[in-house]
Amino acid sequence: MAHKSENSKPLIENTINLKNWSDLLDTDLTNKNVYLLHLDTELAYSSTEINNISFNLERFIFELSDECVISFIISPENALNLIHSLQKKLFLKLWISIRRDKPVINKNELPNAHVGLIIFSKYKKPLIHCKTQIAYTYCPACKKTTKDYGGKKHLYSPYGTLMSDVWRDISYHDSMYPIEIIERLKDLFGLFPYKVINYIDLRELSSIKYNRNAEMKKRTSFEVNNSGESRLINKDCFEAFKEIRDNSIDFAFADPPYNIKKKYHNWNDAIDIKEYFVWCDKWLDELARVIKPGRTVAVLNIPQWLVRHFQHIKSKLDFQSWITWEALGLPVRKIMPAHYGILCMSKGEPRGAVGRIEKINWDTRYYELNTLKQWYCVRHQCIKIRNSIKLTDREELSDLWWDIHRLKHNSKRVDHPCQLPPQLMRRLIGLYTIEGECVLDPFNGAGTTTLIAQELGRRFIGFELSGVYHKIALNRHDELGSGIDPFAKKKSTPTAKNSRVKRLKKQKYLIPKKTLQLEVKRIAEEIGHVPTRNDVKKYSKYPFNYYEEYFIDWGEVCSAVGDKGMKEEPEIEYNEPKYKQLSLFERMKRYKLEFAQSGGEVGGVFSAPLRKPRRLP
């Protein structure tokens, strides 16, 4: 898939072949270059080999220019250990997840469908790179953009969206030279001070590996207990843990405060980082104590925090899988933060993903235990037609989740700043438990985890420090027990916010916001620069008070200025002078008929990447 880097002068590509580790120091280490080191992505390195790799890299890193960038292609499990060993020498900048061409199948586990591209720098300042856009993708069925931009198409680039830290538009091939990754890095870092990208394949030099399933730590035998009845506990989690017996929980999920200054009720989300990790270590130890042998503990957090959690808990629990949840957050840099990790650990050999949902009370748009195929859109009309012609638009679930999105609309939120989408918890609980088993969430908040557990016929225990959030969860469980969907849209507007951007009051727009933004764009084209308030007062045909009352700030007023305005459908050129544009439904019927006549399976025509469009008479 295409990308475009602004003002980029692509780096010179250079491959360095090594026969042994000492050859690494014979390369030119004085230039301000970018390095891509390729480590094993299928088998896990032993702790001995991780130490060996770190030891051999230490001298190499020391000799590098202070302006260098060092990146690694590596598996998630190996990344957790390598990052920990190198972060005293380098500054971790990004953990990018890249889709595998073919998932690696692990026993009793989700197929591993992604590798890590870990980017470090020798400098502390923000990563120097070009602003890069990824071209829009289009639904193979309706041919519209995969994401529905609604009435905001005038605010987006004609080319594509800003690059994030989850790359699914290109893929990693295990046995091949990583040309797609290199080409992207050449453009991403194609600016001063960088000159060359050096590719170094280290897979053959790193030989001490082990089969994780065969070498799972042998834990001592445990007396397995069963937890009691479902309950919500309004206490500090460490007080509440005292009520939970050892080895009594079938699945534990933790989405703790991230210590990034969120405004929680009754909790300081900006404490000293050392104090934060001491607090985290204590509840991680408790989760390891209460989980049953073979069962799963899942922790959701940003990747750099999960590295620290893993290092603490790996002596008590075993690595199971790393799920990349592509959950686009608020833009905070030139590379959009979308990679949130779900670190899954087990006590001894894991039972794995049992993958069953026996009972559900609500009709849902998605089947949570399989995934939407890449690039299919979620427009209601397109889904309706795909279902009507029995189009196969779903596939086996892996550990790369792109089809579950954050709650965007206030109508589906309650008064909690960090509310998880119910689809996420439905998938996790459905994967790792069966009906009647017990789910624990030590930071239950407004109750999404325990509500889904109840919905799916599981027992549940939820801890919550805040009396306000505890009461919200109790009320929502009462709704569920009364046959009311607690996740349905509501007319009330929550007071809690998930961002620092202020919320506008509800009001009737006498002039649509889009109209006002396009008017500002017209003014900008007329005067040759981004309009000031005085410019808009002078040239706009609409009253100025609309601009002050309808928008959060002046940046939003001017957000359509410049090279903005996307087309929802790709530009199509046809040789025929007369072309009849078929409706979506007619095109679907035509595709279905053509493919059936060719002896293929209905739906298969949509599985191939979208290339040159068909010409239809």
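Since this is a predicted model, take the numbers as computed values, not measurements. (Residues numbered from 1 in each chain as written. Predicted model: local features only at pLDDT ≥ 70, side-chain atom pairs only at ≥ 80, totals over all residues. Heavy atoms only, no water.)

Considering the sheet that holds strand E6 (residues 91-104)
One open sheet accounts for seven strands, arranged E2-E11-E3-E5-E7-E6-E10; its pairing is mixed. With one partner strand each, in any of the chains shown, strand E2 (12-16) and strand E10 (166-172) form the two edges of the open sheet. When the angles between neighbouring strand axes are averaged without regard to direction, this sheet yields 25°. With six bridges joining them, strand E5 (residues 69-74) and strand E7 (residues 112-121) adopt antiparallel strand pairing. (Pairing = 2+ DSSP bridges. Helix = DSSP H or I, 4+ residues; strand = E, 2+ residues; numbered from the N terminus. Axes fitted to C-alpha atoms, helices over the stretch in contact; angles between N-to-C directions.)

Description of helix H10 (residues 467-481)
Taking 1.5 Å per residue as the helical rise, H10 with its 15 residues ought to reach 21 Å, and the 21 Å between its terminal C-alpha atoms agrees with that figure. Those residues of H10 that sit buried are Tyr469, His470, Ile472, Ala473, Arg476, His477 and Leu480. Each buried residue of H10 lies within a common arc of 160° when the element is viewed along its axis, so the set occupies one face. Looking at H10, the residues exposed on the side facing more than 90 degrees away from the buried face are Lys471, Asp478 and Gly481. For H10, the side-chain oxygen to backbone nitrogen distance between the N-cap and Val468 is 3.2 Å, and the N-cap itself is Ser466. Gly483, located one to two residues past H10, shows a positive phi value of around 85°. (Expected span 1.5 Å × (residues − 1). Buried < 20%, exposed > 50% of the residue type's maximum accessible area, 1.4 Å probe, protein only. Arc of directions from axis to C-beta. Polar contact = N/O pair within 3.5 Å; in protein donor to acceptor, adjacent residues only side chain to side chain.)

Examining the confidence of the model for the protein chain
On average, residues of the protein chain carry a pLDDT of 84, and 81% of them reach 70 or more. Note on residues 361-366: pLDDT is under 50 here. Beyond four places in sequence and across chains, it has 15 contacts. Within the model, the stretch residues 594-617 combines pLDDT values under 50 with 40 contacts to residues more than four positions away or in other chains. (pLDDT = per-residue confidence, 0-100. Contact = heavy atoms within 4.5 Å.)

A few points about the state of the cysteines
A covalent bond bridging the sulfur atoms of two cysteines is what the word disulfide describes. One pass over the full model with this rule turns up zero disulfides. Cys382 takes part in no disulfide bond, and the closest cysteine sulfur, belonging to Cys377, lies 3.8 Å away. (Disulfide = S-S within 2.5 Å.)

Let's talk about the pairing of E7
In terms of burial, E7 is largely enclosed, as ten of its ten residues are buried. One ladder, built from nine bridges, connects E6 with E7; its direction is antiparallel. Bridge pairing in E7 links Leu92 to Phe120.

A word on the pattern of salt bridges
For the coordinates displayed, the defined rule picks out 27 salt bridges. Of the charged contacts, one joins Asp393 and Arg386 as a salt bridge, the two residues approaching to 2.7 Å between their closest N and O atoms. A salt bridge links Asp403 to Arg427; the shortest N-O distance between them is 3.0 Å. With a gap of 24 residues between them, Asp403 in the loop between strand E22 (400-401) and helix H8 (422-432) and Arg427 in helix H8 connect regions that are remote in the sequence. Taken as a pair, Asp403 and Arg427 share a single burial class, namely buried. Shared partners join several salt bridges into a network, and the residues in it are Asp250, Lys292, Arg295, Arg351 and Glu437. (Salt bridge = Lys/Arg side-chain N within 4 Å of Asp/Glu carboxyl O.)

Some details on the packing of aromatic side chains
Taken as a whole and judged by the stated rule, the model has 22 aromatic pairs. For the ring pair Phe310 and Phe319, a centre distance of 6.2 Å and an interplane angle of 85° mean the geometry is edge-to-face. Here Phe310 falls in the buried class, since its relative accessible area comes to 4%. Three or more aromatic residues joined by ring pairs make a cluster, and in this case those are Tyr276, Phe277, Trp279, Trp283, Trp305 and Phe443. (Phe/Tyr/Trp six-rings, centres within 6.5 Å; stacked < 30°, edge-to-face > 60°.)

With respect to the sheet that holds strand E23 (residues 438-441)
Within the open sheet, the eight strands sit side by side as E13-E24-E23-E14-E17-E19-E18-E22. Their pairing is mixed. One side of each edge strand has no neighbouring strand; the edge strands of this open sheet are strand E13 (231-233) and E22. Bridge analysis of strand E14 (residues 249-254) against E23 gives two bridges, and the strand direction is parallel. Counted as the bridge partner of Phe251 is Val439 from E23. Of the strands in this sheet, E13, E14, E23 and strand E24 (459-463) are in contact with helix H9 (residues 448-455), which crosses E24 at around 170°.

Looking at the environment of Thr449
Structurally, Thr449 is set in helix H9. Setting aside its immediate chain neighbours within four residues, Thr449 contacts Phe253, Met425, Ile429, Val439, Asp441 and Asn444. Only 2.7 Å separates the side chain of Thr449 from the side chain of Asp441, close enough to count as a polar contact.

Looking at the pairing of strand E17 (residues 291-301)
Of all eleven residues in E17, ten are buried, a share of seventy percent or more. Across six bridges, E17 lies against strand E19 (residues 339-346) in antiparallel orientation. In the sheet register, Val297 faces E19, and the bridge partner there is Met345.

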